[in-house]
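Given next are the chains, with one letter for each unit.
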Amino acid sequence: MNYAERLLQKFEKRDAVIGVVGLGYVGLPLAVEKAKAGFHVIGFDIQQSRVDQVNNGINYIGDVVDEDLHEMVKQGRLMATTDYARIAEVDAVAIAVPTPLDEHHQPDTSYVENSANEVAKYAHEGMLVVLESTTYPGTTEEIVKPALEKKGLVVGETVFVAYSPERVDPGNKQFKTKNTPKVVGGVTKTCTKVAAAMYRAVLEGDVHEVSSPAVAEMEKIFENTFRHINIALANEMAILCERMGIDVWEVIEAAKTKPYGFMAFYPGPGLGGHCIPIDPFYLTWKAREYNYHTRLIELAGEINNAMPEYVVNRAMLILNEEGKALRGSKVTVLGVAYKKDIDDVRESPVLKIVELLEQYGAEFAVVDPYVPSFRACNRVIETVELTPELLAQSDLVLITTDHSNIDYEMVARHSRVVFDTRNAMKDVSKPAKYVKL
């Protein structure tokens, strides 16, 4: 029996030990699902605080059910460590670490490189290594594969390497890690077969096999670039519709009635989260290697990145109509998370909005029932409770995240002026002065 056959048998019998490197928004849900499927799972992270929380059954990721994590730890199916030497104990390992942009808007693959080198240091024959971090096409074969080969392992024979992009959508009530279809591309056909077998043993969603890691890497970036560009179109339509005196939200609802050829995307104060604001720029960077300039992606980035400033400029004009300057005005900002009903502020456009409000001299307070505090303006800002008194004292209420648990009827009753960038108040009564994006 060769190494591939042994791994396939272990996955089928659920007696493989699986490692997950990086216990964040992607890694922890994946680790929990693998443990729930019957595997023994070791989570690896460089943050001792995360390791301690996992080992104590304390959840810190919204998409993980508290009871699931606690039960898997209690049963001994899931544990975490900062000791990468324990990679030697696992049969398969998934790398799910951050892939941010650096200060020059270029890919920072240092987390992937460091993780690949740590895994390679303790890798052994008969192991599967899968990269899940969103990245540019070529990363798996340019970084992960060589790291393992330096140890003398033969990819496709003694070690198996694949890429399978994460598809985590924080706050999504319907699709979680367990039931979201998975794409898998291995360096060889055998690598693909082995990696796909692991995911089929864990997940309910379809596992779609592609011909190479590069195809899987490009597929993930294409998903996010598609959203990036269409959101930019919605934002540009919102700007134009405002100048023309047309309600862009009504336009989109009307367009949605067409049963084919249209998919609704909505405008907002800007893009947030790890994926959409960042991933397309991995592709623009890689495209330069092939002497190609991705003009549409970069133009979409310009539009989306300009939305926070557009929102603040609109706020200035709204206050000006009330005979007030933004400087010295009291502004209540509703929501700092980048999307509704989650606590994630990564790349949130609201961070830029509050920085601009402070720069222009506004007195602002931020309300977010999911986020007790966040870092912006070179300091930690505590969010406050939404009260009638706060609303009544505000010269402007700026809705930047449409959380479901905000009492918009109370906002309508007690606010003098509301600027709604999310159409959050579409189904409730409106205050005396109500302006939409």
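Residues numbered from 1 in each chain as written. Predicted model: local features only at pLDDT ≥ 70, side-chain atom pairs only at ≥ 80, totals over all residues. Heavy atoms only, no water.

**What about the overall build of the protein chain?**
- When helices and strands are counted, the protein chain shows 15 helices and 15 strands.
- Referenced to the eigenvectors of the C-alpha coordinate spread, the extents of the protein chain come out at roughly 80 × 50 × 45 Å.
- Considering only intrachain contacts with a sequence separation of at least 6, the fraction spanning at least 24 residues in the protein chain is 69%.
- Entry remark: accessible area of the protein chain is about 19600 Å², with carbon and sulfur atoms responsible for 50%.
- Treating the 47 positive side-chain charges of the protein chain as one cloud and the 62 negative ones as another, the clouds have centres 2 Å apart. (Helix = DSSP H or I, 4+ residues; strand = E, 2+ residues; numbered from the N terminus. Contact = heavy atoms within 4.5 Å. Areas by Shrake-Rupley, 256 points an atom, 1.4 Å probe, with all protein chains shown as cover. Lys, Arg positive; Asp, Glu negative; His and termini not counted. Charge placed at Lys NZ, Arg CZ, Asp CG, Glu CD.)

**Details of the packing of helix α12 (residues 307–321) against helix α13 (residues 349–359)**
- Direction vectors running N to C along α12 and α13 enclose 45 degrees, while the axes themselves pass 9 Å from each other. As the angle between them shows, α12 and α13 are arranged oblique. In this structure, α12 meets α13 at a crossing whose hand is right-handed. Residues Pro308, Glu309, Val311 and Val312 of α12 lie in contact with α13, whose contacting residues are Pro349, Lys352, Ile353, Leu356 and Leu357. (Axes fitted to C-alpha atoms, helices over the stretch in contact; angles between N-to-C directions. Parallel < 35°, antiparallel > 145°, perpendicular 65-115°, else oblique. Left-handed = near helix turned anticlockwise from the far one by under 90°.)

**Examining the sheet that holds strand β9 (residues 330–334)**
- One open sheet holds the 5 strands; their spatial order is β10-β9-β13-β14-β15, and the pairing between them is parallel. With one partner strand each, in any of the chains shown, β10 (363–367) and β15 (433–436) form the two edges of the open sheet. Strand after strand, the sheet turns through a mean of 20 degrees between neighbouring axes, direction not considered.
- Where strand β14 (residues 417–420) lies against β15, 4 bridges are found, and the strand directions are parallel. Bridging across to β15, Phe419 finds its partner in Val435. (Pairing = 2+ DSSP bridges.)

**Some remarks on the sheet that holds strand β5 (residues 127–131)**
- Strand order in this open sheet of 8 strands is β3-β2-β1-β4-β5-β6-β7-β8, and the pairing throughout is mixed. Two strands close off the open sheet at either side, each with one partner strand: β3 (78–81) and β8 (207–210). Neighbour-to-neighbour, the strand axes of this sheet turn through a mean angle of 25 degrees, independent of strand direction.
- Summarising the sheet, strand β1 (residues 17–21) and strand β4 (residues 92–95) pair through 4 bridges and their orientation is parallel. Residue Val21 lies in a different strand from β4, and its bridge partner there is Ile95.
- Against the sheet, helix α8 (residues 213–244) makes contact with β6 (159–163), β7 (182–186) and β8, and its axis sits at roughly 145 degrees relative to β7, the strand it touches most.

**With respect to the layout of surface pockets**
- When its volume is computed, the second largest pocket comes out at roughly 340 Å³.
- Counting residues per element, the ones that place at least two in the lining of the second largest pocket are α11 (295–305) and α13. (1 Å grid on protein atoms, 1.4 Å probe; cavity = no way out; pocket = protein on both sides within 12 Å on 5 of 7 lines; lining within 4 Å. Points joined across faces, edges and corners; volume = space filled by probe spheres on them.)

**A short note on empty space enclosed by the protein**
- The tally for this structure, following the rule as stated, stands at 1 cavity of 30 Å³ or more.
- Counted as a void, the largest cavity has a volume near 100 Å³.
- Lining the largest cavity we find Val26, Leu30, Glu132, Glu166, Arg167, Val168, Thr177, Thr180, Pro181, Lys182 and Leu203.
- Residues that form the lining of the largest cavity fall into these classes: 5 nonpolar, 2 polar and 4 charged. (Nonpolar A, V, L, I, M, F, W, Y, C, P; charged D, E, K, R; others polar.)

**Concerning the pattern of salt bridges**
- Enumeration according to the criterion identifies 24 salt bridges in this entry.
- Residue Glu118 pairs with Lys121 through a salt bridge whose shortest N-O separation is 3.1 Å. One end of the pair is Glu118 and the other is Lys121, both in helix α5 (residues 110–122) and 3 residues apart, which spans about a single turn.
- A residue is classified by how much of its surface remains accessible, and Lys121, at 47% relative accessible area, is partly exposed.
- Across the pair Glu132 and Lys182 runs a salt bridge, and its minimum N-O distance is 3.3 Å. You can see Glu132 sitting in the loop between β5 and α6 (139–149) and its partner Lys182 sitting in strand β7, a full 50 residues away along the chain. The two residues Glu132 and Lys182 agree in class, both being buried. (Salt bridge = Lys/Arg side-chain N within 4 Å of Asp/Glu carboxyl O. Buried < 20%, exposed > 50% of the residue type's maximum accessible area, 1.4 Å probe, protein only.)

**Quick notes on the environment of Tyr266**
- By the element assignment, Tyr266 lies in the loop between α9 (248–255) and α10 (279–288).
- Taking the relative accessible area as the measure of exposure, Tyr266 reaches 33% and is therefore partly exposed.
- C-alpha of Tyr266 to C-alpha of Gly205: the two residues are 61 residues apart in sequence and 27 Å apart in space.
- Only 3.3 Å separates the side chain of Tyr266 from the side chain of Glu253, close enough to count as a polar contact.
- Within the local environment of Tyr266, its side chain forms a polar contact with the side chain of Lys256, the two groups lying 3.2 Å apart. (Polar contact = N/O pair within 3.5 Å; in protein donor to acceptor, adjacent residues only side chain to side chain.)

**Some remarks on the UniProt feature "domain: UDP-glucose/GDP-mannose dehydrogenase C-terminal" (unreviewed entry) in the protein chain**
- The positions that UniProt labels "domain: UDP-glucose/GDP-mannose dehydrogenase C-terminal" (unreviewed entry) are, in the present scheme, residues 332–427.
- Across residues 332–427, helical content stands at 25% and strand content at 25%; the span's end C-alpha atoms are separated by 21 Å. (UniProt positions renumbered as here; feature names shortened; annotations may be inferred.)

**Description of helix α7 (residues 189–202)**
- Compared with the 20 Å implied by 1.5 Å per residue over 14 residues, the 20 Å span of α7 between its first and last C-alpha is a close match.
- For α7, a buried count of 10 out of 14 residues is recorded, marking the element as mostly surrounded by other parts of the structure.
- Among all positions in α7, only Cys191, Thr192, Val194, Ala195, Ala196, Ala197, Met198, Tyr199, Ala201 and Val202 are buried. (Expected span 1.5 Å × (residues − 1).)

**Structural notes on the side chain of His403**
- Its place among the elements puts His403 in the loop between β13 (396–399) and α15 (408–414).
- Within the structure, His403 has its side chain in polar contact with the backbone nitrogen of Asp341 (distance 2.8 Å).
- Excluding residues that lie within four positions of it along the chain, His403 makes contacts with Gly335, Ala337, Lys339, Lys340, Asp341, Ile342, Asp368, Pro369, Tyr370 and Tyr408.

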